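Topology and contacts: notes
The chain contents come next:
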Amino acid sequence: MSALTWLNAEAFAVFDQKVIWSDMIGNTLGLAALALGWRRSLWTWPAQLLSGLILVAAYASAHLAGGVGKQLLVIGVAAWGWTQWRRGRQQAQDGSIAVRTASWKERGLLLGGAALGTLAVGVLFSAFPNLSWSPWADAYIFVGTLVAMVAQARGLVEFWFAWLLVDLVGVPLAFTSGLAFSGLVYVVYFALVLWGAYDWYQRSRTPATPSALEGATA
């Protein structure tokens, strides 16, 4: 049995929904990445990259092109986010990773980019039905993931809410696509998002320490 065949094999069943290994392992790593992101750890990015690699197999097995595209974006942006956080780790309130709330201009750019991107990708998926059986949901997830990760890489508190909005569509779609584990971890994701958003918001209101500022200018 090849590694790909094993990853897409059934691990167990729950509530008459089968859970495949790639769905379970990839989403467990995704949860770990989200928890590491809350802690502002650089390891959030390698965890996201590995999660993306494994979940490509899961979404490919469910014939969700948008999900596959989402994970390819996760892989690419995770590499970029790692470099962004390595450069900015000395500019934080406590000498780790600086976080802040987005300006109104940044929020407008993120929302505008999400809307235009979803429209463009939705039209593409609709024009080529073989790419997705749920073109607009896939487009929303595809673009929303990119927006959330870009916001995370820039240390913006709003990234937590972007992830929540993506999951509100992604989780029901995962259940209907046979990716039950993706849906089952929603409660944990939701709790982590609320906790992480609160923690990052509180830290964004804390002035940078003198040592952190010295490290940023050294």
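Notes on the structure follow. Source: prediction; values computed, not measured.

Calculation criteria
- Residues numbered from 1 in each chain as written.
- Predicted model: local features only at pLDDT ≥ 70, side-chain atom pairs only at ≥ 80, totals over all residues.
- Heavy atoms only, no water.
- Axes fitted to C-alpha atoms, helices over the stretch in contact; angles between N-to-C directions.
- Helix = DSSP H or I, 4+ residues; strand = E, 2+ residues; numbered from the N terminus.
- Left-handed = near helix turned anticlockwise from the far one by under 90°.
- Contact = heavy atoms within 4.5 Å.
- Nonpolar A, V, L, I, M, F, W, Y, C, P; charged D, E, K, R; others polar.
- Core = buried A, V, L, I, M, F, W, Y, C linked by side-chain atoms within 4.5 Å.
- Buried < 20%, exposed > 50% of the residue type's maximum accessible area, 1.4 Å probe, protein only.
- 1 Å grid on protein atoms, 1.4 Å probe; cavity = no way out; pocket = protein on both sides within 12 Å on 5 of 7 lines; lining within 4 Å.
- Points joined across faces, edges and corners; volume = space filled by probe spheres on them.
- Parallel < 35°, antiparallel > 145°, perpendicular 65-115°, else oblique.
- Salt bridge = Lys/Arg side-chain N within 4 Å of Asp/Glu carboxyl O.

**As for the packing of helix α5 (residues 104-127) against helix α6 (residues 135-153)**
Axis separation between α5 and α6 bottoms out at 8 Å; the angle between their running directions is 145°. Our pair here, α5 against α6, has a crossing hand that is right-handed. On the side of α5, the interface is formed by Leu-110, Gly-113, Ala-114, Gly-117, Thr-118, Leu-119, Val-121, Gly-122, Val-123, Phe-125 and Ser-126, while α6 contributes Pro-135, Trp-136, Asp-138, Ala-139, Tyr-140, Phe-142, Val-143, Val-147 and Ala-151. Grouping the amino acids of the contact of α5 with α6 by side-chain chemistry returns 14 nonpolar, 5 polar and 1 charged.

**Structural notes on the nonpolar core**
Ranked by size, the top nonpolar core spans 33 residues in total, and within it Leu-34, Met-149, Trp-160, Trp-163 and Trp-200 carry the most contacts. Element by element, the count of residues in this core is highest for helix α7 (residues 159-176), at 7 residues. Membership of the second largest hydrophobic core comes to 6 residues, among which are Phe-125, Ala-139, Val-143 and Val-147.

**Side note on empty space enclosed by the protein**
Under the defined criterion, the tally for this structure stands at 2 cavities of 30 Å³ or more. Estimated volume of the largest cavity: approximately 330 Å³. Listing elements by their share of the lining of the largest cavity, those giving two or more residues are α2 (21-38), α3 (44-61), α4 (65-88) and α7. Looking at the lining of the largest cavity, its residues break down into 9 nonpolar, 9 polar and 2 charged.

**A word on the environment of Ala-78**
With respect to the helices, strands and loops of the structure, Ala-78 is situated in helix α4. Residues Ala-78 and Ala-153, spaced 75 residues apart in sequence, show a C-alpha to C-alpha distance of 8.4 Å. Among all residues touching Ala-78, those that are not within four sequence positions of it are Trp-45, Gln-48, Leu-49, Leu-73 and Met-149.

**Things to note about the packing of α2 against α3**
Packing of α2 against α3 brings their axes to within 8 Å, and their N-to-C directions diverge by 160°. Taken together, α2 and α3 sit at an angle that is classed as roughly antiparallel. The handedness of the crossing between α2 and α3 is left-handed. Residue-level contacts link Ser-22, Asp-23, Ile-25, Gly-26, Asn-27, Leu-29, Gly-30, Ala-33, Leu-36 and Gly-37 of α2 to Thr-44, Ala-47, Gln-48, Leu-50, Ser-51, Ile-54, Leu-55, Ala-57 and Ala-58 of α3.

**A look at the side chain of Gln-71**
Among the structural elements, Gln-71 can be located in helix α4. Ignoring anything within four residues of it in the chain, the contact list for Gln-71 reads Ser-51, Gly-52, Leu-55, Val-56 and Tyr-59.

**A closer look at the pattern of salt bridges**
Enumeration over the complete set of coordinates arrives at 4 salt bridges. Linking Glu-106 and Arg-100 is a salt bridge whose minimum nitrogen-to-oxygen distance equals 2.8 Å. Ionic pairing is found between Arg-107 and Glu-158, a salt bridge with its closest N-O pair at 2.9 Å. Of this pair, Arg-107 sits in helix α5 while Glu-158 sits in the loop between α6 and α7, and the two are 51 residues apart along the sequence. On the accessibility criterion, Arg-107 (24% relative accessible area) is partly exposed. What makes Glu-158 buried here is its relative accessible area of 18%.

**Quick notes on the layout of surface pockets**
Within this model, the largest pocket holds a volume of roughly 370 Å³. Around the largest pocket, the lining is made up of 17 residues, and of these Leu-111, Ala-114, Val-147, Ala-162 and Leu-165 lie nearest the centre. Residue assignment for the lining of the largest pocket shows that the elements contributing at least two residues are α5, α6 and α7. At 6 residues, the largest contribution of residues to the lining of the largest pocket is made by α5. Each residue belonging to the lining of the largest pocket can be placed in one class, and the counts come to 13 nonpolar, 2 polar and 2 charged.

Taken by themselves, the reported measurements are silent on function.
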